[in-house]
Amino acid sequence: HPNWSKYIFMYYVKGAAAGGICCSVTHAALCPVDVVKTRIQLDPAKYSKGLIGSGRQIVAAEGVGALASGLGATAAGYFVQGWFKFGGVEFFKVNFAKQLGERRAWDNRTSIYLASSAMAEFIADLFLCPLEAIRIKSVADPAFPKGVAGGINHVVSTQGVAGLYAGLGPILFKQVPYTMAKFAVQGKAAEAIYTAIGQTPETATKSTSLSVSLGSGVIAGVAAAIVSHPADTLLSMINKQSGAEATGSTTSRLIGLARAAGFKKLCTVGLLPRCVMIGTLTAGQFGIFDTVMGALGAEKFHFHNPDAPAKH
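A brief look at the structure comes next.

Moving on to the side chain of Gln 81. Along the chain, Gln 81 turns up in helix H4 (residues 71–107). Here Glu 121 takes part through its side chain, which lies 3.0 Å from a polar atom of the side chain of Gln 81. Those residues within four positions of Gln 81 in sequence are excluded, and the remaining contacts are Glu 121, Ala 124, Asp 125, Leu 128 and Gln 175.

Attention shifts here to the packing of helix H1 (residues 9–29) against H4. Axis separation between H1 and H4 bottoms out at 6 Å; the angle between their running directions is 145 degrees. Pair H1 / H4 crosses with right-handed handedness.

Moving on, we get to empty space enclosed by the protein. Counted under the stated rule, the structure contains two cavities of 30 Å³ or more. In this structure, the largest cavity occupies an estimated 170 Å³ of space. As for the largest cavity, its lining consists of 22 residues, of which His 27, Tyr 78, Lys 174, Gln 175 and Asp 232 are closest to the centre. Secondary structure elements with two or more residues in the lining of the largest cavity: helix H2 (31–42), H4, helix H5 (109–140), helix H7 (168–196), helix H8 (206–240) and helix H11 (271–295). By volume, the second largest cavity amounts to about 60 Å³. Together, eleven residues line the second largest cavity, and Glu 102, Ala 105, Phe 301, Phe 303 and His 304 are the ones closest to its centre. Classifying every residue of the lining of the second largest cavity by side-chain character gives seven nonpolar, three polar and one charged.

Moving on to helix H6 (residues 148–159). With twelve residues, H6 extends 16 Å between its outermost C-alpha atoms, agreeing within 8% with the 16 Å of an ideal straight helix rising 1.5 Å per residue. Positive backbone phi, at 80 degrees, marks Gly 160, one or two positions downstream of H6.

Before going further, it helps to examine the packing of aromatic side chains. Summed over the entire model, instances satisfying the criterion amount to 15 aromatic pairs. Each ring, one from Phe 79 and one from Trp 83, has its centre 6.2 Å from the other, and the planes form 40 degrees; the classification is tilted. Residue Phe 79 and its partner Trp 83 are both found in helix H4; the two are separated by four residues, about one turn of the helix. Overall, Phe 79 belongs to the partly exposed group, its relative accessible area being 33%. By relative accessible area, Trp 83 is classed as partly exposed at 31%. Their ring planes at 65 degrees and their centres at 5.2 Å tell us that Phe 86 and Phe 183 sit as a pair that is edge-to-face. You can see Phe 86 sitting in helix H4 and its partner Phe 183 sitting in helix H7, a full 97 residues away along the chain. The ring of Trp 106 carries Arg 109 above its face, with NZ or CZ at 3.8 Å from the centroid.

Considering all chains together, one arrives at 14 salt bridges under this definition. Between Glu 299 and Lys 6 there is a salt bridge, with the nearest N and O atoms lying 3.6 Å from each other. Of this pair, Glu 299 sits in the segment after H11 while Lys 6 sits in the segment before H1, placing them 293 residues apart in sequence. Here Arg 103 makes a salt bridge to Asp 107, at a shortest N to O gap of 3.9 Å. With Arg 103 and Asp 107 both in helix H4 and four residues apart, the pair spans about one turn of that helix. For Arg 103, a relative accessible area of 38% corresponds to the partly exposed category.

Reading the values: rules and limits
Residues numbered from 1 in each chain as written. Predicted model: local features only at pLDDT ≥ 70, side-chain atom pairs only at ≥ 80, totals over all residues. Heavy atoms only, no water. Helix = DSSP H or I, 4+ residues; strand = E, 2+ residues; numbered from the N terminus. Polar contact = N/O pair within 3.5 Å; in protein donor to acceptor, adjacent residues only side chain to side chain. Contact = heavy atoms within 4.5 Å. Axes fitted to C-alpha atoms, helices over the stretch in contact; angles between N-to-C directions. Left-handed = near helix turned anticlockwise from the far one by under 90°. 1 Å grid on protein atoms, 1.4 Å probe; cavity = no way out; pocket = protein on both sides within 12 Å on 5 of 7 lines; lining within 4 Å. Points joined across faces, edges and corners; volume = space filled by probe spheres on them. Nonpolar A, V, L, I, M, F, W, Y, C, P; charged D, E, K, R; others polar. Expected span 1.5 Å × (residues − 1). Phe/Tyr/Trp six-rings, centres within 6.5 Å; stacked < 30°, edge-to-face > 60°. Buried < 20%, exposed > 50% of the residue type's maximum accessible area, 1.4 Å probe, protein only. Lys NZ or Arg CZ within 6 Å of the ring centre and 35° of its normal. Salt bridge = Lys/Arg side-chain N within 4 Å of Asp/Glu carboxyl O.

Here it is in structure tokens:
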């Protein structure tokens, strides 16, 4: 039976800190890929040579520094988002399991993953949205002020606070299904890998656990990338709009952009680089999360099958 006394306030703080670190480190490391991906989505005609070719094109035209556009906003935004996302998932997951009891928690574990991740992601996005708007604007417009504070001041003075949240609808529309797929698929994949190797999270060595985190993270990342890709493309498009284009409600602008682009294009433009990026990113996140949790002396909560033979 789970020892509920371990899951106190400090457990969630450690989970949130591990989440902040894993998201910030992985997103900052992939910042150059993100810059190229965002440019391809914003201007496919100009950047038509794939990920590597487009990267070379940007460096040739603007120098290697261009690949670090929005690095500060990326690191800060994803630390805050990871803090609430991973910390929130642990909080909601443990508390749902506690309320339902071991048997019902085990039987409904996928639903618990989906509900916990949706709730945690919603809270995290309220903090991420302004920083993501700054990141996309700094990638799209080389003249945009450098630095997070300068960027926020510029947007607030020209568009008001609402300018920072113009992308909230699309971010929720992209991130909530993405996070639900990421945590539910990772939970299922990790479980399947442990079953296949005849181990459990409790009996596995640290290196085996890390391998399972990385393997299940890749599977979860690719699933999550495919689910959220149409919304990711729309998000880049809506943040690019300014002035006369940026009039009307967010919903009407989204529908207009989706109609103009067409469903096939939304689902496929830049999908392969995104699968590679999110697969790597998610494997890194779960690997770093589990490692940091271990280093902080916290044991990650796992659902327990009440019918499993007891450990001796």
